[in-house]
Amino acid sequence: MTGAVAGSGLLALVASSLGEERAGGLLAGMDVHPDVLVPAGGPVARAVVAQALGVVLFDDLLGRVPSGAAHVADRWGRGGTVFLDHGAVRTVEGVDCGGLPQGQESLVRVLAPLGYAHKYTYELIRLGMTGRSWCHVDLPAAIPQYFVSELHAGRFSEPFRAAAVRVVGTSRDPVTTEAQADLDRLAAEGALPPDRAAALLPVLVACFGRQHDVPAVGDYEVLLAESAEMAWIATEGTVFNHATDRVDDVVAVAGAERAAGRPVKDEVEVSGTGRILQTAHRAAMVERTFRTVHGSLVTRRVPGSFYEFITRRPLPDGSGPDLAFDAANAQRIFAMTRADGEDTPGS
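Chemist: Residues and numbers for the overall build of the chain, please.
Modeler: In terms of helices and strands, the chain carries 13 helices and 12 strands. Along the first, second and third principal axes, the C-alpha atoms of the chain reach 55 × 50 × 40 Å. Across the 347 residues of the chain, 55% fall into the buried class. Taking all contacts inside the chain whose residues are at least 6 apart in sequence as the whole, residues at least 24 apart take part in 71%. For the chain, the computed accessible surface area is about 13400 Å², with 55% contributed by carbon and sulfur atoms. A gap of 3 Å separates the mean positions of the 31 positive and 42 negative side-chain charges of the chain.

See the structure below:
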């Protein structure tokens, strides 16, 4: 660990959630901008809180995606680092979401005080979804972005909408009155005292989880019949659907992952501009619990989250990497969380 990381407020904040050893190990192996490595003890800037949230959520994903954890371990074992480009999350709008705001607002309300602003919108038409990228205004190319997608329940059948309400209508809001006060202060002042930042971080992390009750297996089947993405939300909620590692050459990385025996996608997706190249591991299969009509619980093996790679080539004007996404790429990458991991024909 470098001296800058060792004495930083970022390390102290991440350690407040993960412990000193794990926090130090993660930060030693991640590309972090020097501007978020200010010494500990002073006010914690919103950029530091944003970076800390990304690190903790990345750690959570590694714990749920063995292929991603294996890749990262290999990278670190060779002395390399990981650049967390973005995390992707899924939400649903058009139905009652219980104690949560509908759709992306459940997350935007906490991302905006951290310094995030909406950058691009992508219509994921064949999925019945809209994706939006949220980019940090202070360090847009350095702090992880969020790709927040909304599934539009109104585009699906009435039985589908009814099942969706029964699932997400039980959601509870993790944002407490005290946390909201901290968010308001962060939005107004751009920083928090260290103790308040440490108190806020686990609430922010909890926003990226499953807030609703165990779904009924019958509701899951109804949702799965029309939307693998909504079925995924039913079991996983708003955890990172995937975390994305920014690499210099995604084609070379894909070849190395294949040679290592990890479940990498067959193709590298290239954006219409030619500047955004992406590929991904297939989703980890996870065991999730469901309720039956008789009130008992059953366990099924379903798709969980996955690990992605992206190469961002420079913009023609030389102003930096292209921070955009690509709707066609996104829709094909989303297929990694279908049970068969395959994109639909003709998409």
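Chemist: Account for the sheet that holds strand β2 (residues 84-93), naming residues and giving values.
Modeler: One open sheet accounts for eight strands, arranged β3-β4-β5-β2-β7-β12-β9-β8; its pairing is mixed. Sheet topology places β3 (116-124) and β8 (269-270) at the edges, where each strand pairs with a single neighbour. Pairing between β8 and strand β9 (residues 276-280): two bridges, direction antiparallel. Following the sheet pairing, Glu269 is matched in β9 by Gln278. Sheet strands touched by helix α13 (residues 327-334): β2, β3, β4 (129-136), β5 (145-152), β7 (242-246), β8, β9 and β12 (306-312). Its angle to β3, the strand with the most contacts, is close to 75°.

Chemist: So what about the pattern of salt bridges? Which residues, and what values?
Modeler: In total, this model carries 22 salt bridges according to the counting rule given. The shortest N-O distance in the salt bridge between Arg46 and Asp138 comes to 2.8 Å. Here the residue Arg46 occupies a position in helix α4 (residues 46-64), and Asp138 occupies one in the loop between β4 and β5, the gap between them amounting to 92 residues. Residue class for Asp138 comes out partly exposed when judged on its relative accessible area of 37%. Arg172 is the partner of Asp213 in a salt bridge, and the nearest nitrogen-oxygen pair spans 2.7 Å. Taken together, the residues span a long stretch of sequence, with Asp213 in the loop between α9 (194-207) and α10 (217-226) and Arg172 in the loop between α7 (158-168) and α8 (177-189) at a distance of 41 residues. The partly exposed category is assigned to Arg172, whose relative accessible area is 44%. Here the salt bridges do not stand alone but share partners, grouping Asp74, Glu257 and Arg262 into one network.

Thresholds, definitions, all that
Residues numbered from 1 in each chain as written. Predicted model: local features only at pLDDT ≥ 70, side-chain atom pairs only at ≥ 80, totals over all residues. Heavy atoms only, no water. Helix = DSSP H or I, 4+ residues; strand = E, 2+ residues; numbered from the N terminus. Buried < 20%, exposed > 50% of the residue type's maximum accessible area, 1.4 Å probe, protein only. Contact = heavy atoms within 4.5 Å. Areas by Shrake-Rupley, 256 points an atom, 1.4 Å probe, with all protein chains shown as cover. Lys, Arg positive; Asp, Glu negative; His and termini not counted. Charge placed at Lys NZ, Arg CZ, Asp CG, Glu CD. Pairing = 2+ DSSP bridges. Axes fitted to C-alpha atoms, helices over the stretch in contact; angles between N-to-C directions. Salt bridge = Lys/Arg side-chain N within 4 Å of Asp/Glu carboxyl O.

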